[in-house]
Amino acid sequence: MTGLAVLLALVAGACSDGASPPSRASASLTMDLPPIRTFPTRAALPPQRSNADMARDFLDLHFRLEGGTEMPVLTRFETPVGVTITGSPTATLRPDLEALLSRLRNEAGLDIRRLPTGTPAAITIEAVNRSRIQRLLPQAACFVVANVSSLDEYRRTRRQPQTNWKNLRSRTRLAIFVPNDVSPQELRDCLHEELAQALGPLNDLYRLPDSVFNDDNVHTVLTGFDMLMLRATYDPALKTGMTRAEVAARLPAILARLNPAGQRRASAPLPETPRSWGLAVETALGGYGSGAMRIRAAHEAARIARDLGWRDHRRAFGHFLIGRAIQDSNPTEAEAHFRSALTFLGSGPDTAGHRALVQSRLASFALRQGKLKEADRLIAQALPAATAGQNAALMSTLLVLKAHLAEARGQKRAASSLRSESLGWALYGNGVEATVKTRLREVAAARP
């Protein structure tokens, strides 16, 4: 399918399920947009941490829910896993799902396949309008539920014991509900996180620097750590019904066999994350509440991390949240917080994605201040992590910054090429509507 065909299909998909069709003006604007950019399917880098630390992570991810409820037994699928799509899928859902399933087979060793639509499956992915999801879970972008196969079935049974995760003792049938009116990247991110939780860990841990099982949303596609957790989950030495103690006894040998390099790494366990810090982060990240409330929550997250003496990615994240919240109202203070965030992120591969988010903000400040060499350095440092993390929205931002940098140096042809490439990534990362609005602003800015 050509870039333009995909784009027009995306417009149609975004308008399904009751949305208004695109206007003639919007359709004409799409004609001069570049082809949509997508990432090739590639394996993640292996995890870079100690097996001893990752064994602790495995147990906390599987035997505890986000609210703190302890799970008595391990659960997983004990037969090959079929996945089917229902609802109104967008043009990118199927290829992104196929890429994910291929990775799960190759990197996690799972016996998982997509089945034809209408075929009963262990996991059903239903694509619906975002408003239908948020009528059931107002703060959720997407979610997974046990023992149902459709949103209507979940609506009927949502308060019954079989859909309560704390009652789960085996996995035979689950459903994932994803929005079909968001950007391709947001939809893909939902597929990665929710399918991983449908197959394996149910918990999220803010202490993880290298995982989608973390509500900070820095990692949005499955990492090497995530694949190792899934491979260990389905290791023949484990089975559904095992207690935490039984799994803990077998896990060291499993990880030693699956990840020999982790045996040679020194243990460096991070402390538990208090619920107060998580609540502050959720408020700072949330789309609800006032701007002042989000700023206060970001400062609270930074204060808790400081008082606890943390010096890891969580300490940095509080500073990042403050900087993000005040960068328009107080750019000088925001820049200082972004620089503080970098000091706590170090230089290791586990925090490269965190650093890229900060570096893109600092590069923008450097450009405004005419510090072209610093901006160039920051952009160059961030681009590999954006590529490895398959973050098209961040790629688009970084390429826009590179275009501004080229313009500042009088390189107009290079700037035009970079801007076109940026829009191609924006189509995937931000969606058609946001990209068309960007194009409109650029056209307006170019007029005398």
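Everything below is about the structure printed above this text.
What counts and what doesn't
Positions within a chain are numbered from 1, following the residues in the order the chain's sequence is written. Restriction of local features to residues with pLDDT of at least 70 applies here, the model being predicted, together with a cutoff of 80 or more for giving and counting side-chain atom pairs; totals for whole chains, interfaces and linings are based on all residues. Hydrogens and water molecules were not included; the side-chain quantities draw on all heavy atoms of the structure. Each pair of strands is called paired provided DSSP finds at least two bridges between the two strands. Secondary structure elements follow DSSP: runs of H or I of four or more residues count as helices, runs of E of two or more count as strands, with numbering from the N terminus. Only the stretch in contact is used when a helix axis is fitted, and all axes are lines through C-alpha atoms; the angle between N-to-C directions ranges over 0 to 180 degrees. Whether two residues are in contact is decided by their heavy atoms, any of which lying within 4.5 Å being enough. Criterion for a disulfide: a pair of cysteine sulfur atoms at a distance within 2.5 Å. Exposure categories follow from relative accessible area, calculated using a 1.4 Å probe and restricted to protein chains: below 20% of the type maximum is buried, above 50% is exposed, and the middle band is partly exposed.

### Some details on the sheet that holds strand 3 (residues 123–128)
Spatial ordering of the open sheet is given by 2-1-3-5-4, a layout of five strands whose pairing is mixed. A single partner strand is all that each edge strand has here, and the edge strands are strand 2 (112–114) and strand 4 (143–146). The mean inter-strand angle of the sheet, taken between neighbouring strand axes irrespective of direction, is 25 degrees. Against the sheet, helix 4 (residues 93–108) makes contact with strand 1 (81–87), strand 2, strand 3 and strand 5 (174–179), and its axis sits at roughly 165 degrees relative to strand 2, the strand it touches most. Along the sheet, helix 7 (residues 184–199) makes contact with strand 1, strand 2, strand 3, strand 4 and strand 5, crossing strand 5 at roughly 165 degrees.

### Quick look at the state of the cysteines
Going through the model one piece at a time under the given rule, you end up with one disulfide. Between the sulfur atoms of Cys142 and its disulfide mate Cys190 the distance is 2.1 Å. Across the S-S bond linking Cys142 and Cys190, the dihedral sits near -90 degrees, which makes this disulfide left-handed. With Cys142 in the loop between helix 5 (130–136) and strand 4 and Cys190 in helix 7, this residue pair connects regions lying 48 residues apart in the sequence. Residue Cys142 is classed as buried on the basis of its relative accessible area of 12%. For Cys190, a relative accessible area of 4% gives the class buried.

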